[in-house]
Amino acid sequence: MSTKNPDILKPLIDEIETNIVNRDRRKAKISQSDVAWQLDHALKVINRVSDTLIASNPEAYSSNFNAGRVFTLTGGYIPRGVAKSPDVVRPPEIILTEDLKAQVQEARKNIAKMKDLSNSANFTHFAFGQMDKAQTIRFLEVHTKHHLKIVRDILK
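Residues numbered from 1 in each chain as written. Predicted model: local features only at pLDDT ≥ 70, side-chain atom pairs only at ≥ 80, totals over all residues. Heavy atoms only, no water.

1. Description of the environment of Ala102
In plain terms, the rule: The helix count covers DSSP runs of H or I at least four residues long, the strand count covers runs of E at least two residues long, and both are numbered beginning at the N terminus. A 1.4 Å probe rolled over the protein chains alone gives each residue an accessible area, and that area as a share of the maximum for its type sets the label: buried under 20%, exposed over 50%, partly exposed in between.
In this structure, Ala102 sits in helix H4 (residues 97-114). Residue class for Ala102 comes out partly exposed when judged on its relative accessible area of 46%. In this structure the C-alpha to C-alpha distance between Ala102 and Lys133, which are 31 residues apart in sequence, comes to 24 Å.

2. Digging into the environment of Lys10
Applicable threshold: Contact definition: two residues touch when any of their heavy atoms are within 4.5 Å.
Tracing the backbone shows Lys10 in helix H1 (residues 10-18). Between the alpha carbons of Lys10 and Asn47 there is a distance of 13 Å; along the sequence they are 37 residues apart. Apart from the residues lying within four places of it in its own chain, the contact partners of Lys10 are Ile111 and Lys115.

3. Some details on the pattern of salt bridges
Formally: By definition, a salt bridge exists where a carboxyl oxygen of Asp or Glu is found within 4 Å of a side-chain nitrogen of Lys or Arg.
Applying the stated criterion across every chain yields a total of 15 salt bridges. Ionic pairing is found between Glu106 and Arg48, a salt bridge with its closest N-O pair at 2.5 Å. Of this pair, Glu106 sits in helix H4 while Arg48 sits in helix H2 (residues 35-55), and the two are 58 residues apart along the sequence. Accessibility expressed as a relative area gives 26% for Glu106, which makes it partly exposed.

4. Re the pairing of strand S2 (residues 129-132)
Going by this rule: Pairing between two strands is assigned when DSSP locates at least 2 bridges connecting them.
Pairing between strand S1 (residues 122-125) and S2: four bridges, direction antiparallel. Across the sheet, the residue bridging to Asn122 is Asp132, located in S2. The turn linking S1 back onto S2 is made up of three residues.

5. Remarks on H1
Short version of the rule: As used here, the arc is the angular range of directions from the helix axis to the C-beta atoms.
Regarding H1, the residues found buried are Leu12, Ile13 and Ile16. Looking down the long axis of H1, one finds its buried residues gathered within 100 degrees of arc, a one-sided arrangement. Those residues of H1 that are buried are in contact with H2, H4 and helix H5 (133-155).

6. As for the packing of helix H3 (residues 67-75) against H5
Put simply, the rule is: Only the stretch in contact is used when fitting a helix axis, every axis being a line fitted to C-alpha atoms; angles between N-to-C directions are given from 0 to 180 degrees. For any pair of crossing helices, the crossing counts as left-handed if the nearer helix is rotated counterclockwise from the farther one by less than a right angle, and right-handed if it is rotated clockwise. Ten residues, namely Ala, Val, Leu, Ile, Met, Phe, Trp, Tyr, Cys and Pro, are considered nonpolar, four, namely Asp, Glu, Lys and Arg, are considered charged, and the remaining ones, Gly among them, are considered polar.
The interhelical angle for the contact between H3 and H5, taken along N-to-C directions, is 65 degrees, at an axis separation of 9 Å. Crossing handedness for the pair H3 and H5: left-handed. Note on element contacts: H5 touches H3 through Gln135, Arg138, Phe139 and Val142, opposite Arg69, Thr72, Leu73, Thr74 and Gly75. Of the residues assigned to the contact of H3 with H5, the class counts are three nonpolar, four polar and two charged.

7. Considerations on the layout of surface pockets
Formally: A 1.4 Å probe that fits into a set of points on a 1 Å grid over the protein atoms alone but cannot get out defines a cavity; an open set with protein on both sides within 12 Å along at least five of seven lines defines a pocket, and lining residues are those with an atom within 4 Å of a point. Grid points are joined across faces, edges and corners, and a volume is the space filled by probe spheres set on the points.
There is about 760 Å³ of room inside the largest pocket. Taken together, 37 residues line the largest pocket, and the ones lying closest to its centre are His41, Ala83, Ser85, His143 and His147. Those elements that provide at least two residues to the lining of the largest pocket are H2, H3, S1 and H5. Counting residues per element, the lining of the largest pocket draws most heavily on H2, which supplies seven residues. Residue classes in the lining of the largest pocket are distributed as 19 nonpolar, 14 polar and four charged.

8. A closer look at the packing of aromatic side chains
Note the following rule: A pair of Phe, Tyr and Trp rings is counted when the ring centres sit within 6.5 Å of each other, with Trp represented by its six-membered ring. The angle between the planes then sorts it: under 30 degrees is stacked, over 60 is edge-to-face, the rest tilted.
The full count for this structure, using the stated rule, is two aromatic pairs. A centroid spacing of 6.1 Å and a plane angle of 80 degrees characterise the contact between Phe128 and Phe139, whose relative ring orientation is edge-to-face. Of the two residues, Phe128 is situated in the loop between S1 and S2 and Phe139 in helix H5; the sequence distance between them amounts to 11 residues. Given the relative accessible area of 12%, Phe128 is considered buried. Among the aromatic residues, those joined into a cluster by ring pairs are Phe123, Phe128 and Phe139.

Here it is in C-alpha cells:
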C-alpha cells in the first residue's frame, strides 16, 4: 500500500512549483478557491506534517486500526469537500508568490530529512489517528495528489 521512501513526493512538489504561474486561475464550478490556495494548502500540509514526523518520538508509536485511514490510503482517494482543513494548514487571505516558492524549497528539504527517519517516526492526524512513517508518506502523497487534481481541473 505505501512506500517508506519520501522521494515519491518529489514529482508532486515539482508539479506544485510548475503551477505557481497559474496561481490566480479559478473555476467556481470546481472550487471556490483559486490555484494559489490549493498549492499553499498542499505545501503547508507537507511541511507541517513533515515537521511533526521529523520531531516525533519513534518509541511513542503504537500501531492502531482506523477504517477511514485504511480506505483512504489504500484507495488513494479523498472525496472533495468532505473535511475542513485545520487552521494551521489553511492559507492566509493573501498568498504571496514568494511564500509559495519558499514553501516549495522547505518541502524539498523536509523530504530529504524524512529519508533517514525510523519506520516508527509518527504523525497523528485529526481523523486518521496515529500513523507511522510509511503511512504518513502515503497520506502526504494522496493528499497532495488530491489538491493537484483540483488544480488540473481548474486549468482545464
